[in-house]
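Structural description and commentary
Residues per chain, in single letters:
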Amino acid sequence: MMLPSRTALFSLFILSLLTGILPPTAVTATGTTTTTTIGFTYSAAVDNSPPPEHVVTALQSLNIPAVRLLNPSPTLIRAFSYSNISLLLTVPNYLVGAFAANRSAATLWVYNNVLPFHPRARISLISVGSDVISSTGGPGVSDPTTALVPAMQNLHHALIDLGIRTVSVSTTFSFINVITTAFPQSSAEFQEPVNSLVIRPVLEFLEETNSSLLMNVYPYNVYRLHGEIPISFALFQEGPFNFRDDVVTGVRYHNLFDMMVDSVIAAMAVSGYENVPLILTETGWPSNDEHMNAEESQMYAEKYLQGLISHLKSGLGTPLRKEGAAQAYIYQLFDGPESNSKKNNLSSDGGETVHQYWGVMYHNMTMKYNIKFDNAHQISTMLGLLVPSIYFLWLLYHFFFCLFGLDLMID
């Protein structure tokens, strides 16, 4: 029987010790996890916004793989050509009625905003409106909810007629406007009559066309509306008592974000469409809050964004959907003129509309927050641990083999 060489014994010895020192991901190169694609919402309509070409360069330098365009235009879409950044385009709400009434309106929009740039610009999905159920719907539309699904169908057929089969069609909802309750999450349902009239037909269309449900999810909203929620629970902070249990299923949650996402998943299951992929089109935290001072507000925003990114990149998903959301878009790239009510239907104590700022980047292209979008800092930390550890292990190996009188020469 052939005995293993001393080189093999040494390798096994080192590996066994490394396994106890480094985290599993450091010694397992073949394991795979599903992580959520993280992108930004970008509106070129923001005052003093830099040229789109400069924005694209900045996004590429940050290795941002996806962008949601709120106000797409041919000039804006052209700037993303050959950038390898995936684009989610949003059709303005005022066009929903026209799309529903006449397919030619949808076809004209595709001619102007998709056909000239596809596939050089990686347009992957188009949202027909955003939170249409709470909007006026545009000219000639008394009830925008009745026009939504026909508009989506006409846009889908317009794309197919023009030979574009790789661009999906969906529409965007807001969590706070469609979910009955977030507690407990397993009991969440879509609100009626919107569920029967709009959401269920939308889900049926999404399943038939292999598209995704789009949802705006803001833990900030729920935190503001429910004073019993600890701020640390909303900001992904760890703590011995920083958890909540679903009283129905017993599932334990360690952050508010997962609870809200699973509320959507549970509502989809109640409607019979639990397998439709989920994309989070908006999430974020404002850098100014009327109930906090400026420094505290910005600190909370930074903690939320870094916690969100780290959580999504962990590949842990949520208790009800292990793969998590397919994509998540941080709202937004630059501060804009939008009011607080647009994002969370909240107002100040005096009843006045509060203007808040959700941007993560200043107009001079510098970051507002010290947040990391990749795992480079984790790799650096791991290497800092690995180098002295290897030296220590070599000394230990030298002592071990000398003690037993073994030859130190390695084959």
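Attention here is on the structure that accompanies the text. As the structure is a prediction and not an experimental result, all values here were calculated from the model.

Moving on to empty space enclosed by the protein. Considering all chains together, one arrives at one cavity of 30 Å³ or more under this definition. There is about 80 Å³ of room inside the largest cavity. Forming the walls of the largest cavity are 14 residues, and the residues nearest its centre are Thr36, His311, Leu312, Gly317 and Gly324. For the lining of the largest cavity, the secondary structure elements donating two or more residues are α12 (256-270) and α13 (294-313). Among the elements that take part in the lining of the largest cavity, α12 stands out by supplying three residues, more than any other.

Residues Leu155 and Leu213 are the most contacted members of the largest nonpolar core, which totals 105 residues. Broken down by element, this core gets its largest block of residues, nine residues, from α12. Setting aside chain neighbours within four positions, we find Leu213 in contact with Ser170, Phe173, Phe190, Leu203, Leu206, Val264, Met268, Val276, Pro277, Leu278 and Ile279. One finds Ala66, Leu125, Leu214 and Ile279 within the second-largest nonpolar core, a separate group that totals six residues.

Here Thr172 lies in strand β5 (residues 168-174). Overall, Thr172 belongs to the buried group, its relative accessible area being 0%. Within polar-contact distance, the side chain of Thr172 engages the side chain of Ser127 at 2.8 Å. Sequence-distant contacts of Thr172, that is, excluding residues within four places in its chain, are made with Ser127, Gly129, Ser130, Asp131, Val132, Leu214, Asn216 and Thr281.

On to the pairing of strand β6 (residues 213-216), then. When a strand is regular, its side chains alternate between the sheet's two faces. Side chains Leu213 and Met215 of β6 all project onto a buried face; the interleaved residues Leu214 and Asn216 project onto the opposite face, where all are buried too. In this sheet, strand β9 (residues 278-283) lies alongside β6 in parallel orientation, the contact comprising four bridges. Its bridge partner lying in β9, Asn216 is registered against Glu282.

Let's shift gears to the sheet that holds strand β2 (residues 66-69). Strand order around the closed barrel formed by eight strands is β1-β2-β3-β4-β5-β6-β9-β10, with parallel pairing between neighbours. Direction aside, neighbouring strands of the sheet carry axes that sit 25° apart on average. As defined by bridge partners, strand β1 (residues 37-42) adjoins β2 across four bridges and the pair is classed as parallel. Of the residues in β2, the one forming a bridge with Gly39 is Ala66. Along the sheet face, helix α7 (residues 144-161) touches β3 (86-91), β4 (123-130) and β5 and points at about 155° away from the line of β5.

What counts and how
- Residues numbered from 1 in each chain as written.
- Predicted model: local features only at pLDDT ≥ 70, side-chain atom pairs only at ≥ 80, totals over all residues.
- Heavy atoms only, no water.
- 1 Å grid on protein atoms, 1.4 Å probe; cavity = no way out; pocket = protein on both sides within 12 Å on 5 of 7 lines; lining within 4 Å.
- Points joined across faces, edges and corners; volume = space filled by probe spheres on them.
- Helix = DSSP H or I, 4+ residues; strand = E, 2+ residues; numbered from the N terminus.
- Core = buried A, V, L, I, M, F, W, Y, C linked by side-chain atoms within 4.5 Å.
- Buried < 20%, exposed > 50% of the residue type's maximum accessible area, 1.4 Å probe, protein only.
- Contact = heavy atoms within 4.5 Å.
- Polar contact = N/O pair within 3.5 Å; in protein donor to acceptor, adjacent residues only side chain to side chain.
- Pairing = 2+ DSSP bridges.
- Axes fitted to C-alpha atoms, helices over the stretch in contact; angles between N-to-C directions.

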